[in-house]
Structure formats: structure tokens, C-alpha cells
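# Observations on the model geometry
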Amino acid sequence: MPTDRRRVRHNFTTWGNAPQVVKLCLTLFRAPVAAPLRCPFEMHNLLPCLALAALVTTPLTRTAEACGGSYESPRPAPPQISLVTTHTTGLATSRMPSRGRMSFAIIGIEPTQPEKLEWRRVSSSTSYDPTEVAPTGYYHRHTLTLLGASGTRVVSTKNQVALKNVRWNYDALFDALTLPVAANDNFTIALRGDHAGAVWHAFRPTFVQPSSIAGTNLSIKRGRGASFTILDGKREIGSHEGTVLGAVDLDGARYLVVTSGDGFATTIAVPFSA
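These numbers come from a predicted model, not from an experiment.

Side chains on a regular strand alternate between the two faces of the sheet. Summarising burial for strand 17 (residues 243-250): 6 of the 8 residues are buried, a large majority. Judged from the 4 bridges that link them, strand 12 (residues 199-202) and strand 17 form a sheet pairing that is antiparallel. Residue pairing for strand 17: alanine 202 is matched across the bridge by glycine 246. The pairing of strand 17 with strand 18 (residues 253-259) spans 7 bridges and is classified as antiparallel. Bridge pairing links valine 248 to tyrosine 255 in strand 18.

The following block contains the structure:
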């Protein structure tokens, strides 16, 4: 029975994925034509299929919306965010504590062969902080943008270490970068790369709900367990779970920074309102 080309073209509007597109192309190639030349790879069939294949294989970035759903956007994904962990240090003796601070940016989990690393306490023996650090022998240079109460600062570091017994997850081992910061510096997150124009907005949790995010029109209303609701002014714009750290403005967009307590952070796109 001859193939009805009108029916094939109508079905094209209902087929929306790559396997079906391939099936459609094969159907078109095999469809009989009135012309003397019956080559299955006729130009008038081949060109639409090539254009169609290019369309369905074009990747789009999926960005989380504040409503908890997602939408397709050609905008590049936000840079990878690392949490910053800071620890008080001291000398080996309790008489001369010489109290300073060390900060690290978490970049991964499961260091290579942790049983062969030389572990030591980050803090003095009198501290309640059980975090341990060990050099890994990797010295690949990284550029990071630190954000927090101390503002925005672009730094370069190549000292990669391993951490364990970190307060977020005492059972996990982390790869981290030692940060070149002073004892009085206070940073919350690190962005991969140079983002000198990024702006940090700290979250200010209060007993009275909702709690505001500094410098924005956003606020957070706690729910049951780890759930929370995001408000833009008085309008609810979405519900999520986790611990809110703050918001970051970057390249004309604003992202809420949330952690689930595992040592890593995620972002949620929110309205860029003052």
C-alpha cells in the first residue's frame, strides 16, 4: 500500500524525541514519489531531516526555578559553588595557643588512598573541633572567588588537602583547597573562577518569621523539618528543602544558595529584585 505523505507530515507534529525523528526520516526516505528518480536519499527528503536532527540534538541548560520546577533556558549554568569551612588553630601547647584560623573550600569527596595520608588535627588538642587535615601531594592551581561577610575576593591556591571529621558530615572524607585568608576573614562560599563582580547577600535567620536575606526583597519562611518557603516581598514563589546560606548576584542573575548538610551547596534561581 503506498505511503500517504500528508499523513506522515501530520504525524511529524506529534513526534518530539530523537528516536521518533529517525523513524520519520526513514519513512520519508522510503516514500514513493512520482519523479522518475526513486533514490531513497532524495535531496528534498534529506535536507529537512538534517535540520530536524540538528534541532532535537541541541542541548539546553536546565535551571531550577524558585517554584521547585524547571524550565529550558539557553543561559549558561551558574558556576560551581564550594562551601568554605573555617577552623581555629593553635600551637601544640595549651600555654601559648597563638590562636589563628584556617579556611578550606570543599571541592569533592573520597580522596585517593586516604589510609596512606598523614592526618593531623587542624585545631589544637584542647579544641572541641575534631577536624583532621592531610596533604594529598596535588598542587594544581585553582582560581576561586570567595564570598561572605568579608566581601568578594578573588584568590589563587594550589594546595589541595584531604579533610575528615568535618562538622557537616563526620562520616565523609573530602577533597579541599587551602585558602589564603587572614585570621579575621569570614567567607561562606567559593565560586570556581574569577567573578570579581559577584555580590553576596547573607541570610539573617530570626525567631520571628519570615527571615530576610540582606540587601534583597527576598525572605525565607521555615516549615516542617528542613522545608522552607521563598517569598519575594509578600508573594510566595516556591518551596524547597535544605539550609539557606544566602544569595549571590552574578552576571545579571540572582541565585539562592542552599545546602543539605552534606558539605555541598546547590543554587536556586530567584527573581532579581532590589
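Let's shift gears to the packing of aromatic side chains. Enumeration according to the criterion identifies 1 aromatic pair in this entry. Measuring from ring centre to ring centre gives 5.9 Å for phenylalanine 174 and phenylalanine 264, while their planes differ by 55°; the resulting arrangement is tilted. Remark: phenylalanine 264 occurs in the loop between strand 18 and strand 19 (265-270) and phenylalanine 174 occurs in strand 10 (residues 169-178); sequence separation between them is 90 residues. Residue class for phenylalanine 264 comes out partly exposed when judged on its relative accessible area of 29%.

The next thing to look at is the sheet that holds strand 15 (residues 227-232). Within the open sheet, the 4 strands sit side by side as 13-14-15-16. Their pairing is antiparallel. Either end of the sheet is taken by a strand with one partner, and the two such strands are strand 13 (211-212) and strand 16 (235-241).

Here we take up the confidence of the model for the chain. Scored by pLDDT, the chain has a mean of 75; 66% of the residues are at 70 or more. Note on residues 68-74: pLDDT under 50 across the span, and 14 contacts to partners over four residues away in sequence or across chains. Between residues 91-98, whose pLDDT stays under 50, and residues either more than four places distant or in other chains, the model counts 10 contacts.

Tracing the chain through its elements places threonine 229 in strand 15. Judged by relative accessible area, which is 13%, threonine 229 ranks as buried. Engagement of the side chain of threonine 229 in a polar contact is seen with the side chain of serine 239, the distance being 3.3 Å. Excluding anything up to four places from it in sequence, threonine 229 contacts Ser219, Ile220, Lys221, Glu236, Gly238 and Ser239.

Turning next to the pattern of salt bridges. One pass over the structure, following the stated rule, counts 5 salt bridges. Put simply, aspartate 232 and arginine 235 hold a salt bridge, and the shortest N to O gap is 3.5 Å. With a closest N to O distance of 2.6 Å, aspartate 249 and arginine 254 form a salt bridge. Arginine 254 matches aspartate 249 in its accessibility class, with the two residues each being buried.

Next up on the list: the nonpolar core. One finds Phe104, Leu147, Leu163, Ile189, Leu191, Val248 and Val257 to be the most contacted residues of the largest nonpolar core, which totals 25 residues. Contributions of two or more residues to this core are made by strand 3 (81-89), strand 4 (100-109), strand 9 (160-166), strand 10, strand 11 (189-192), strand 17, strand 18 and strand 19. Dropping the residues within four chain positions of it, phenylalanine 104 is found in contact with Leu83, Val84, Thr85, His87, Val122, Val133, Val161, Leu163, Ala176, Leu177, Thr178 and Leu179. Formed by 13 residues, the second largest nonpolar core is a distinct cluster that contains Ile213, Leu218, Ala247 and Ile268.

Reading guide: rules and limits
Residues numbered from 1 in each chain as written. Predicted model: local features only at pLDDT ≥ 70, side-chain atom pairs only at ≥ 80, totals over all residues. Heavy atoms only, no water. Buried < 20%, exposed > 50% of the residue type's maximum accessible area, 1.4 Å probe, protein only. Helix = DSSP H or I, 4+ residues; strand = E, 2+ residues; numbered from the N terminus. Pairing = 2+ DSSP bridges. Phe/Tyr/Trp six-rings, centres within 6.5 Å; stacked < 30°, edge-to-face > 60°. pLDDT = per-residue confidence, 0-100. Contact = heavy atoms within 4.5 Å. Polar contact = N/O pair within 3.5 Å; in protein donor to acceptor, adjacent residues only side chain to side chain. Salt bridge = Lys/Arg side-chain N within 4 Å of Asp/Glu carboxyl O. Core = buried A, V, L, I, M, F, W, Y, C linked by side-chain atoms within 4.5 Å.

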